[in-house]
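# A closer look at the structure
Letter by letter, the chains look like this.
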Amino acid sequence: MNPADRRYTSEHEWIKPEGEHCVVGITAFAQDQLGDIVYVELPKVGDRLEAGKAFGVIESVKTASDLYAPVSGEVVEVNSELVDQPQTVNDDPYDRGWMIKVRPADSTEVDRLLTADQYSEQTGE
């Protein structure tokens, strides 16, 4: 079940507004497709993101996949727990498995992303 308090990309990232920042992670569908996650490469605080462009890499026992920025903006925090415990993304993709926090350049970009219902339709879940 995809939480309704966030928006989604067709590349399976979620974004949740929290004040002037947004939290970004991958969906339960994505982590399920990847399998056991063994490595996460994330940007540094202060890095600039461009919507739709890769901001990191996630690797599982099956494959490696790029992570795509849902919005343009500046990275203000990184979930450093994932360096030592990447499996947290499998265990809790919508809470403890968050990846980065971003200060969006344009907050209206979030509103243009998929709703939980639209994302569920896309994934058939």
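See above for the structure.
No experiment lies behind these values; they were computed from the predicted model shown. (Residues numbered from 1 in each chain as written. Predicted model: local features only at pLDDT ≥ 70, side-chain atom pairs only at ≥ 80, totals over all residues. Heavy atoms only, no water.)

### Some points on the sheet that holds strand E7 (residues 64-68)
Strand-to-strand pairing in sheets goes through backbone hydrogen bonds, with the strands running parallel or antiparallel. If you walk across this open sheet you meet the 3 strands as E4-E6-E7, and the pairing is antiparallel. Both outer strands of the open sheet, strand E4 (37-41) and E7, are each paired with one neighbouring strand and no more. Across the sheet, the mean angle from the axis of one strand to that of its neighbour is 25°, orientation sign disregarded. The pairing of strand E6 (residues 54-60) with E7 spans 5 bridges and is antiparallel. Within E7, the residue paired with Val-57 across the bridge is Asp-66. (Pairing = 2+ DSSP bridges. Helix = DSSP H or I, 4+ residues; strand = E, 2+ residues; numbered from the N terminus. Axes fitted to C-alpha atoms, helices over the stretch in contact; angles between N-to-C directions.)

### Overview of the sheet that holds strand E1 (residues 7-8)
Strand order in the open sheet made by the 6 strands is E1-E2-E3-E9-E8-E5, with antiparallel pairing throughout. Each having just a single partner strand, E1 and strand E5 (48-49) make up the two edges of the open sheet. Note that strand E2 (residues 13-18) and strand E3 (residues 21-26) share 6 bridges and pair antiparallel. From the neighbouring strand, Glu-13 faces E3, where its bridge partner is Ile-26.

### Here's the deal with the side chain of Glu-109
Within the fold, Glu-109 resides in helix H4 (residues 108-111). Notably, Glu-109 is buried but unbridged: the nearest opposite-charge side chain belongs to Arg-112, and the N-O separation is 4.6 Å. From its side chain, Glu-109 meets the backbone nitrogen of Ser-72 in a polar contact 2.7 Å long. Ignoring anything within four residues of it in the chain, the contact list for Glu-109 reads Ala-51, Val-71 and Ser-72. (Buried < 20%, exposed > 50% of the residue type's maximum accessible area, 1.4 Å probe, protein only. Lys, Arg positive; Asp, Glu negative; His and termini not counted. Salt bridge = Lys/Arg side-chain N within 4 Å of Asp/Glu carboxyl O. Polar contact = N/O pair within 3.5 Å; in protein donor to acceptor, adjacent residues only side chain to side chain. Contact = heavy atoms within 4.5 Å.)

### Some points on helix H5 (residues 116-123)
Every buried residue of H5 is listed here: Ala-116, Tyr-119, Ser-120 and Thr-123. All buried residues of H5 fall inside an arc of 100° around its axis, so they share one side. More than 90 degrees from the buried face of H5, the exposed residues found are Asp-117 and Glu-121. If you follow the buried residues of H5, they end up packed against E1 and helix H1 (28-34). At the C-terminal side of H5, Gly-124 shows a positive phi close to 75°. (Arc of directions from axis to C-beta.)

Honestly, it's all geometry; don't read function into it.
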